[in-house]
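One-letter residues, chain by chain:
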Amino acid sequence: MLKRIGIVTSGGDSPGMNPAIRAIVRTGISLGVEVVGIQNGYQGIFDKEFMPLGSVEVSGRIRDAGTILSTSRCPKFKEAAAQIEAIEILKKENVQGLLVLGGDGSLAGAAALSRHGLRVLGLPCSIDNDIPDTELCIGTDTCLNTVIHLIDMVKATAASHNRCFIIEVMGRKQGYLALMSAIASGSQVAVIPEFRYDLDKIIDNLTRRRLRRHNNSVVVVAEGVCSGQDFMNRLISTAGTRLEQEVRLTVLGHVQRGGSPSFADRYLASRMGEYAMLAFNQGEHGSMVGVVRNRMNMTDLQTLTGRRPPLPADAIRLARNLGMEIGVPSET
Ligand code: ADP
Ligand code: F6P
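In short, a report on the structure.

Definitions and limits used
- Residues numbered from 1 in each chain as written.
- Chains lettered and ligands numbered in written order.
- Predicted model: local features only at pLDDT ≥ 70, side-chain atom pairs only at ≥ 80, totals over all residues.
- Heavy atoms only, no water.
- Phe/Tyr/Trp six-rings, centres within 6.5 Å; stacked < 30°, edge-to-face > 60°.
- Helix = DSSP H or I, 4+ residues; strand = E, 2+ residues; numbered from the N terminus.
- Lys NZ or Arg CZ within 6 Å of the ring centre and 35° of its normal.
- Salt bridge = Lys/Arg side-chain N within 4 Å of Asp/Glu carboxyl O.
- Buried < 20%, exposed > 50% of the residue type's maximum accessible area, 1.4 Å probe, protein only.
- Pairing = 2+ DSSP bridges.
- Axes fitted to C-alpha atoms, helices over the stretch in contact; angles between N-to-C directions.
- Contact = heavy atoms within 4.5 Å.
- Near = heavy atom within 4 Å.
- Polar contact = N/O pair within 3.5 Å; in protein donor to acceptor, adjacent residues only side chain to side chain.
- Areas by Shrake-Rupley, 256 points an atom, 1.4 Å probe, with all protein chains shown as cover.
- 1 Å grid on protein atoms, 1.4 Å probe; cavity = no way out; pocket = protein on both sides within 12 Å on 5 of 7 lines; lining within 4 Å.
- Sits in = over half its atoms within 2 Å of the grid points.
- Nonpolar A, V, L, I, M, F, W, Y, C, P; charged D, E, K, R; others polar.
- Domains from an automatic or database assignment.
- Parallel < 35°, antiparallel > 145°, perpendicular 65-115°, else oblique.

**Concerning the packing of aromatic side chains**
Phase 1 of the analysis: According to the stated counting rule, one finds four aromatic pairs in the structure shown.
Phase 2 of the analysis: Ring centres 5.3 Å apart and planes at 65° place the aromatic pair Y197 and F231 in the edge-to-face group. With Y197 in the loop between β8 (195–196) and α8 (199–211) and F231 in helix α9 (residues 228–239), this pair connects stretches of sequence that are 34 residues apart.
Phase 3 of the analysis: Members of the aromatic cluster, each reached through a chain of ring pairs, are Y42, F46 and F77.
Phase 4 of the analysis: Sitting over the face of the ring of F46, K76 holds its NZ or CZ atom 3.8 Å from the ring centroid.

This is the structure:
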């Protein structure tokens, strides 16, 4: 049985962090476990920015993107000395364990704390969906909904002006956001880090579409491949006069992280938050909560480093059968 635990949100914020914090706090209240919020990511431990979290602090925040605890990147946390110092500070604050909400970097920090003896559980929060052993991260679904909404809006003007649009989406080294948003927005091309693209094939795809009297097209480029600007320059210089269409670029940027959490994210975050708190109170630690085949799942934090989830095979097949140009796997 735990008496007092901490929660920290770290790295890039993702929509759903607040519903997760809320579920942890409310489950803590049911169990009689006091929950302390650490502000501004791991840096908040060194700055001793601790705030008690009760029902009032989390009330009404389920609909808010971002994190009520604020987040940051804290480079010094990669050093063992800083991790050990953080554990000493938490001990002095009578914090018996820490729930870490963040992406792969933050979870690497959680794994390090666990190796140094702190009781830790991680919750995967990332728009990029780049964490293994969970089919979805908290925040990915909302981000995808935002991206397809924005592409729909671009398509309206693309159709009016007979243009081809390049849309740069986030995702770090992972092509998940680009591939899934391209499928769900009816885009023609997805350029993703996992696959090698062929500009001639892309130009052929866009040209065939124009010959079928579709007057607009959308190419979704994952930031992990190159900037949308670089891709557009390469496309235009390779195509010469072949495209017969004006090309424009839209870089979606940080609005992708700002959507009010979708139903799927509110539910996933609430489930993961509750499950983590219950498991933590029963003695589980050193693990990350995930969702596999719609069931909660625990993975050893130490096994996450250096692994990336593969792109879903059925999404790749689907994209191809829908006529999208996505290239071929990079390793072939
Ligand atoms: P995210 O968690 O969204 O992937 P980052 O990769 O920027 O974001 O990581 C967030 C923070 O997690 C970093 O600023 C650092 O404090 C901590 N962190 C990242 N990588 C490690 C690591 N290998 N060991 C310990 N802490 C790390
Ligand atoms: O990891 C989430 C993410 O939004 C990535 O998709 C993106 O590359 C990065 O964070 C942007 O980081 P920052 O907010 O520091 O610019």
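**Some words on the pattern of salt bridges**
Phase 1 of the analysis: As enumerated under the stated definition, the model contains eleven salt bridges in all.
Phase 2 of the analysis: Note that D133 is salt-bridged to R307, the shortest N-O span being 2.7 Å. Of this pair, D133 sits in the loop between β5 (119–124) and α6 (140–161) while R307 sits in the loop between β12 (295–300) and α11 (313–321); the two residues are 174 residues apart in sequence, bridging distant segments of the chain.
Phase 3 of the analysis: Since its relative accessible area comes to 34%, R307 is described here as partly exposed.
Phase 4 of the analysis: When the shortest N-O distance is used, the salt bridge between E244 and R210 registers 3.5 Å. Placement of the pair is E244 in the loop between α9 and β10 (246–251) and R210 in helix α8, with a sequence separation of 34 residues.
Phase 5 of the analysis: Look at E244 and you get exposed, because its relative accessible area is 61%.

**Structural notes on the sheet that holds strand β7 (residues 189–191)**
Phase 1 of the analysis: Ordered in space as β7-β9-β6-β10, the four strands form an open sheet in which the pairing is parallel. If you trace the sheet from one side to the other, it starts and ends with β7 and β10, each paired once. Sheet twist, expressed as the average angle between the axes of neighbouring strands with direction ignored, equals 20°.
Phase 2 of the analysis: As judged from the three bridges shared by β7 and strand β9 (residues 217–222), these two strands associate in the parallel manner. The residue bridging V189 from the neighbouring strand is V219, located in β9.
Phase 3 of the analysis: Helix α7 (residues 176–185) rests against β6 (163–169), β7 and β9 of the sheet, and its axis sits at about 175° to β7.
Phase 4 of the analysis: Set on the sheet, α9 makes contact with β6, β7, β9 and β10; between it and β10 the angle comes to about 170°.

**A short note on the site of ligand 2**
Phase 1 of the analysis: The full set of residues close to ligand 2 is R73, I127, D128, M170, G171, R172, E223, H254 and R257.
Phase 2 of the analysis: The separation between an oxygen atom of ligand 2 and a polar side-chain atom of E223 is 2.5 Å.
Phase 3 of the analysis: In this structure, R257 approaches ligand 2 through a side-chain N or O atom, which is 2.7 Å from an oxygen atom.
Phase 4 of the analysis: For ligand 2, whose accessible area on its own is 400 Å², the fraction buried by protein is 75%.
Phase 5 of the analysis: With respect to the detected pockets, ligand 2 is housed in the largest pocket.
Phase 6 of the analysis: Taken together, the residues that form the shell around ligand 2 break down as two nonpolar, two polar and five charged.
Phase 7 of the analysis: Shared between two domains, the shell around ligand 2 holds at least three residues of each, these being domain 1 (4–139 + 261–292) and domain 2 (141–258 + 312–329).

**Some details on the packing of α8 against α9**
Phase 1 of the analysis: Interhelical geometry of α8 versus α9 gives an angle of 75° and a closest axis separation of 10 Å. On the basis of the axis angle, α8 is roughly perpendicular to α9. Residue-level contacts link L199, D200, I202 and I203 of α8 to F231, R234, L235, T238 and A239 of α9.
Phase 2 of the analysis: Looking at the contact of α8 with α9 residue by residue, the classes come out as six nonpolar, one polar and two charged.

**Description of the pairing of strand β11 (residues 287–292)**
Phase 1 of the analysis: Burial of β11 is extensive: five of the six residues sit out of reach of the surface.
Phase 2 of the analysis: Sheet analysis places β5 next to β11, joined by two bridges and oriented parallel. Bridged to L121 within β11 is S287.
Phase 3 of the analysis: For β11 and β12, the ladder comprises six bridges, and the chain directions are antiparallel. Bridge pairing links V289 to M298 in β12.

**A few points about the environment of R115**
Phase 1 of the analysis: In this structure, R115 sits in helix α5 (residues 104–115).
Phase 2 of the analysis: When its relative accessible area of 55% is taken as the criterion, R115 is described as exposed.
Phase 3 of the analysis: Of the polar contacts made by the side chain of R115, one reaches the side chain of Q302; its length is 2.7 Å.

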